[in-house]
Amino acid sequence: MDCFVYILSGCYRGTLYIGVTSNLVQRVYQHQNHLIEGFTTQYTLDRLVWFEGTASIEAAIMREKQMKEWKRAWKIRLVEEMNPTWRDLYPDLLG
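Residues numbered from 1 in each chain as written. Predicted model: local features only at pLDDT ≥ 70, side-chain atom pairs only at ≥ 80, totals over all residues. Heavy atoms only, no water.

*Asks:* Could you clarify how one ought to interpret the packing of aromatic side chains in this entry?
*Replies:* Two aromatic rings, taken as a pair, are described by how far apart their centres are and by the angle between their planes. Inspection of the entire model under this criterion finds 6 aromatic pairs. Each residue in the set Y6, Y17, F39 and Y43 is aromatic and connected to the rest through ring pairs, giving one cluster. (Phe/Tyr/Trp six-rings, centres within 6.5 Å; stacked < 30°, edge-to-face > 60°.)

Structural data, given as C-alpha cells:
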C-alpha cells in the first residue's frame, strides 16, 4: 500500500500543514472542500504544494514526525525543490 506525507499551504510561502494519508486524492479533496474541521479549515490551507510517497503507513508517520521537527526554512526549501512556484499540485494527481 502506498502512503503519502504531504504539505498544504494557503498561498506562496504561507502557513504550512504537514499530514499523512493512504489516499492522497481523497484527503486533499477533503481539505479543499473543508470537510475536515480543524487547523486546515481555520487557516484555509487547501493548496497541495508538496508530497512524497512511502512504502508503508509507518514510514509515512515517521517522516511526518521528522518533518514537523524541522525549521520552517527547511520545509520551505523542500517545497521549492519540487514546486518552486507553490502551485496547487492536486490537478496533477487527477491527470
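Having put the structure on the table, let's press on.
*Asks:* Got a minute to help me understand the environment of R63 in this structure?
*Replies:* Counting through the fold element by element, R63 comes out in helix α3 (residues 57-68). For R63, a relative accessible area of 19% gives the class buried. Separated by 20 residues in the primary sequence, R63 and Y43 place their C-alpha atoms 23 Å from one another. (Helix = DSSP H or I, 4+ residues; strand = E, 2+ residues; numbered from the N terminus. Buried < 20%, exposed > 50% of the residue type's maximum accessible area, 1.4 Å probe, protein only.)

*Asks:* Looking at this structure, I do not really get unusual backbone geometry. What am I missing?
*Replies:* For residues besides glycine, phi is generally negative; the peptide bonds are generally trans as well. Positive phi is not limited to glycine here, since H34 has a value of about 55°. Residue placement: H34 occurs in the loop between α1 (24-32) and α2 (39-42). The phi dihedral of W86 falls on the positive side, at around 60°, and the residue is not glycine. The topology assignment puts W86 in the loop between α4 (72-82) and α5 (90-94). Take W86: its relative accessible area is 0%, and that puts it in the buried class.

*Asks:* What is the right way to look at the nonpolar core in this model?
*Replies:* The tendency in soluble globular proteins is for nonpolar side chains to be buried side by side. V5, I7, W50, M67, V79 and W86 are the most contacted members of the largest nonpolar core, which has 14 residues in total. Contact partners of W86, with chain neighbours within four places excluded, come to S9, C11, Y12, R13, G14, L16, R47, V49, I76, V79 and E80. Judged by nonpolar contacts, the second largest core, of 8 residues, contains L8, V28, L48 and Y90. (Core = buried A, V, L, I, M, F, W, Y, C linked by side-chain atoms within 4.5 Å. Contact = heavy atoms within 4.5 Å.)

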